[in-house]
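The lines below spell out each chain.
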Amino acid sequence: MKEGIHPEYREVVFLDQQTGKTFISRSTLNSRETIDIDGKTYPLFKCEVTSESHPFYTGAQTRIVETGRVEKFRARFARTAGTVKKAS
C-alpha cells in the first residue's frame, strides 16, 4: 500500500441515539466527538438507527393485513360482478 493516501482505519464507537446502546467497530470515520470507554478514548459517531432500534431487526414492524386488501377489492368490484356486457 502507498503511504499517506489511505484514511486511518481505527476503532470507533457508534452510539444509537434512540436506545442509548454503544458498540465498537473498526471504521475510517472522522469525528470531532470522543468518548472514554474502559480508560481508552475512541472517536464517537452518533447513529439515528442501528440494528438495536430498527423495526426490521427488533420485530416491531407492522404487517399489512392481506384480508383487508382482498375485502376492499371484492367490495369495489362487487357491483360489476352481475352485469354482462352485450356483444357489439
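Figured I'd write up the structure that's included with this text. Within each chain, residues carry numbers counting from 1 in the order of the written sequence. Where local features are concerned, this predicted model is filtered to residues with pLDDT of at least 70; where side-chain atom pairs are given and counted, the filter is 80 or more; whole-chain, interface and lining totals use all residues. Note that the side-chain values use all heavy atoms of the structure and ignore hydrogens as well as water.

1. Describing the pairing of strand β3 (residues 34-37)
Move 1: Any two strands between which DSSP finds at least two bridges are classified as paired. Elements are defined by DSSP. Helices are runs of H or I of four residues or more, strands are runs of E of two residues or more, and each kind is numbered from the N terminus. In the sheet, β3 pairs with strand β4 (residues 40-47) via 4 bridges, with the strands oriented antiparallel. Residue Ile35 lies in a different strand from β4, and its bridge partner there is Tyr42.
Move 2: Joining the antiparallel neighbours β3 and β4 is a turn of 2 residues, in which Asp38 adopts a positive phi near 55°.

2. With respect to the sheet that holds strand β1 (residues 10-16)
Strand pairs in the sheet, formed through backbone hydrogen bonds, run parallel or antiparallel to each other.
Move 1: The strand order across the open sheet built from 4 strands is β2-β1-β4-β3, with neighbouring strands paired in mixed fashion. The sheet terminates laterally at β2 (22-27) and β3, the two strands that pair on one side only. Each strand axis lies, on average, 45° off the axis of its neighbour in the sheet, ignoring direction.
Move 2: As paired elements, β1 and β2 share 6 bridges and run antiparallel to each other. Across the sheet, Glu11 pairs through a bridge with Arg26, a residue of β2. The angle between two axes is taken between their N-to-C directions and runs from 0 to 180 degrees, where each axis is a line fitted to C-alpha atoms and a helix contributes only its stretch in contact.

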